[in-house]
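A look at the structure
One-letter residues, chain by chain:
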Amino acid sequence: MSQSHNATDTDKPRSGPQRHVPFTDHLGVCREQAHDGEAVVSVELRDELLNNHGGGHGGVVMTLLDSAMAHAALSRVDYAREVVTVEMSISFMRPAAGRLVATGRAIGGGRSVCFCEARVVDASGQVAAQAMGTFRYRDPR
């Protein structure tokens with residue numbers, strides 16, 4: 001079943017540093033900073049973002065890692081282009097709880113791709129998950 005978008009959603013930018021991504025907005029993901037190939041994003045876990053064991057759902061953690069790496073790649077080119085995720089490899093270290101903070105870094109690549117890494121730290125300060133990813137640059141639409 002599809003849901004109609006709010007009129008204000010269509011007014012929000014789809015590219016650039018203030019980009020509107022409906023899914024991450026729905027989850028409550030917040031971009032805290034992004035510059036020079038490094039980005040920090042966060043989310044406060046709520047009941048609806050938990051798995052059946054009471055920890056942060058893996059899909060939420062993966063989304064946070066993906067978002068941190070994408071913003072790192074975008075900040076590397078000053079948000080002049082867009083990125084799409086080509087590949088991601090994730091390792092879950094421990095159940096995530098509370099406020100999750102992901103730090104992503106662009107660690108290589110060139111004009112067409114960017115290689116990134118990220119890690120999520122939970123409210124206890126421990127690493128809950130880490131990832132590596134490949135992102136393809138493209139021109140904004």
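Our subject is the structure listed above.
Residues numbered from 1 in each chain as written. Predicted model: local features only at pLDDT ≥ 70, side-chain atom pairs only at ≥ 80, totals over all residues. Heavy atoms only, no water.

For helix 3 (residues 58-76), built from 19 residues, the straight-helix expectation of 27 Å at 1.5 Å per residue is met to within 8% by its first-to-last C-alpha distance of 27 Å. Taken across its 19 residues, helix 3 has 14 buried, putting it largely inside the fold. Residue Asp78 follows helix 3 closely and has a positive phi angle near 55°. (Helix = DSSP H or I, 4+ residues; strand = E, 2+ residues; numbered from the N terminus. Expected span 1.5 Å × (residues − 1). Buried < 20%, exposed > 50% of the residue type's maximum accessible area, 1.4 Å probe, protein only.)

Next up on the list: the side chain of Thr134. Its place among the elements puts Thr134 in strand 6 (residues 127-138). If we skip the residues at most four places from it in the chain, Thr134 touches Val84, Thr85, Val86, Glu87, Val113, Cys114 and Phe115. (Contact = heavy atoms within 4.5 Å.)

Okay, a nonpolar patch on the surface next. Together, Ile107, Phe115 and Met132 line one region of the surface with nonpolar side chains, adding up to about 280 Å² of accessible area. Structurally, Met132 is set in strand 6. (Patch = residues over 30% accessible without salt bridge, like charges linked within 9 Å, V, L, I, M, F, W, Y side chains within 5 Å. Areas by Shrake-Rupley, 256 points an atom, 1.4 Å probe, with all protein chains shown as cover. Salt bridge = Lys/Arg side-chain N within 4 Å of Asp/Glu carboxyl O.)

All right, on to the pattern of salt bridges then. Counted according to the given criterion, the structure contains five salt bridges. Two residues, Glu32 and Arg99, come together in a salt bridge whose shortest N-O distance is 2.2 Å. Linking Glu32 in strand 1 (residues 30-35) with Arg99 in strand 4 (residues 99-109), this pair joins segments that are 67 residues apart in sequence. Glu32 gets classed as partly exposed once you look at its relative accessible area, which sits at 39%. By relative accessible area, which is 37% here, Arg99 ends up partly exposed. Residue Arg46 pairs with Glu48 through a salt bridge whose shortest N-O separation is 2.7 Å. When its relative accessible area of 29% is taken as the criterion, Arg46 is described as partly exposed. Glu48 gets classed as exposed once you look at its relative accessible area, which sits at 57%.

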